[in-house]
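The residues making up each chain are set out below.
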Amino acid sequence: MLNYRKDLEKMPSYDGVEKNYRVKVNANESTLNLPPLVEERVINRLANISFNRYPNEEYALLIEQIAKNFSVSKSQILLGGGSSEIIEKVFHSFGGKGKKIVYPQPSFSMYKIYARAAEAQAFPFDLDEKFDLDVDKFIKKVHEVNADLAVVCNPNNPTGNALTVAQIEEIAKNIDCAFLLDEAYVEFYGHSAFNLVKKYPNLIVARTFSKAYGMAAARVGYMIAQEDVTRMINKTFMPYHMNVLSLAAADIVYQMRDEFITRIQSTVAERQRIFEKLKNLREIEVFPSQTNFILIRYKKAAALQEYLDNLDIGVRYFSAGAAGLKNCLRISMGMQIENDEVFSAIKNFVEGK
Ligand SMILES: *Cc1c(COP(=O)(O)O)cnc(C)c1O
């Protein structure tokens, strides 16, 4: 009999299904691999790596670039293995017994798990029936429970909608506790709140290379906050938690980020195109999105998901346990031809063909 850590058995698991679909639009990934020009430079860079050394230099190089781009000091940036690691460490830093964490619901399913892992008490804040976050009520809730950490995902996954930067500022200004802003999809929205970090010492902005920059496999993310905050959160990271392959690849991708502008624009255009088409389907409710995915609600969502699965099309279905997401499916944008196929399949199912 092995004696595991207390409550480990009860720890919830991430419920994403990972199957290799022919048309894979279930995980908000970029459907395209790196632009060929970028890929070539990444490969050249990887050919010149000192595998024998700890990656101090590569870590510093990437931080330097990011700091320069945001006009902040290097000590205001921390890197993570995906923004997942950043978020986990932020939860850890403000968590522990008796600590309270407020986050919206429905939102990123991992917040609940990170809160649990941090042994903190979770206070999900319900979005309204249109999935909008009532800023005043959210602020009130943070005060009411005397939270230690408030989290907002903007634009929100899986609902796709976004708060304005002014609304984010309203929250930052009116709460005293730490405020984690998860900007995993902000490149598709175009309005980041990172500038507010200068003004609000409680604000932590998390970003990722996984979505707009098509680097989900490399696991690279970062956070921006004031120096006192990064100094404390940095204590929770193990030394050399980032590997040299990911650091070097991300360094090139970041240098060449302009190469991604057109594909981000195409994704946004595709999202709008598919949004309009879905809107014309009777019985399907479509939620406006500022991301690279669209959420729909349909009373036969489970059957539709199964139908798509049989066509080897993977979309994200939310199980009954996912609060507020009953009968919802989330569809990431692929290439135009993929999106057309997904749409036609949905249309055929809905129209009973
Ligand atoms: C995808 C995602 C992340 C992070 O992904 P990483 O690959 O770990 O960077 C963070 N937050 C949200 C809301 C996401 O959807």
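Here, every reference points to the structure presented above.
Residues numbered from 1 in each chain as written. Predicted model: local features only at pLDDT ≥ 70, side-chain atom pairs only at ≥ 80, totals over all residues. Heavy atoms only, no water.

Side note on the site of the ligand
By nearness alone, 14 residues border the ligand, and Ser84, Tyr185, Thr208, Ser210 and Lys211 come closest of all. The side chain of Lys211 places a nitrogen or oxygen atom 3.1 Å from an oxygen atom of the ligand. Isolated, the ligand exposes 380 Å² of accessible area, and the fraction of that covered by the protein chains is 94%. With four residues, the top contributor of residues to the shell around the ligand is helix α3 (residues 82–94). Grouping the amino acids of the shell around the ligand by side-chain chemistry returns five nonpolar, six polar and three charged. (Near = heavy atom within 4 Å. Polar contact = N/O pair within 3.5 Å; in protein donor to acceptor, adjacent residues only side chain to side chain. Areas by Shrake-Rupley, 256 points an atom, 1.4 Å probe, with all protein chains shown as cover. Helix = DSSP H or I, 4+ residues; strand = E, 2+ residues; numbered from the N terminus. Nonpolar A, V, L, I, M, F, W, Y, C, P; charged D, E, K, R; others polar.)

Some remarks on the packing of aromatic side chains
Here the structure, examined in full by the defined rule, presents 17 aromatic pairs. Ring centres of Phe209 and Tyr222 lie 6.0 Å apart, and the angle between their planes is 70°; on these two criteria the pair is classed as edge-to-face. Here the residue Phe209 occupies a position in the loop between β7 (203–208) and β8 (221–224), and Tyr222 occupies one in strand β8, the gap between them amounting to 13 residues. Here the aromatic cluster, defined as three or more aromatic residues joined through ring pairs, consists of Phe70, Phe194, Phe209, Tyr213, Tyr222, Tyr254 and Phe260. Sitting over the ring of Phe237, Lys89 keeps its end group 5.8 Å from the ring centre. The ring of Phe293 is capped by Arg330, whose NZ or CZ atom sits 5.6 Å from the centre of that ring. (Phe/Tyr/Trp six-rings, centres within 6.5 Å; stacked < 30°, edge-to-face > 60°. Lys NZ or Arg CZ within 6 Å of the ring centre and 35° of its normal.)

A look at the nonpolar core
The biggest cluster of nonpolar side chains holds 67 residues, and the ones touching the most others in it are Ile171 and Phe209. Top element by residues in this core is helix α9 (residues 244–255). It accounts for six residues. (Core = buried A, V, L, I, M, F, W, Y, C linked by side-chain atoms within 4.5 Å. Buried < 20%, exposed > 50% of the residue type's maximum accessible area, 1.4 Å probe, protein only.)

Overview of the layout of surface pockets
Taken as a whole, the largest pocket holds about 940 Å³ of empty space. Around the largest pocket, the lining is made up of 42 residues, and of these Tyr14, Phe108, Ser109, Met110 and Arg316 lie nearest the centre. Elements supplying a minimum of two residues to the lining of the largest pocket: α3, β3 (100–105) and α4 (110–117). The element best represented in the lining of the largest pocket is α3, accounting for four residues. For the lining of the largest pocket, a count of residues per class yields 20 nonpolar, 13 polar and nine charged. The wall of the second largest pocket is formed by 14 residues, among which Arg5, Arg116, Ala117, Ala118 and Glu119 lie closest to the centre. At the level of secondary structure, the elements contributing two or more residues to the lining of the second largest pocket comprise α3 and α4. Examining the composition of the lining of the second largest pocket, we find that three residues originate from one element, α4, more than from any other. (1 Å grid on protein atoms, 1.4 Å probe; cavity = no way out; pocket = protein on both sides within 12 Å on 5 of 7 lines; lining within 4 Å. Points joined across faces, edges and corners; volume = space filled by probe spheres on them.)

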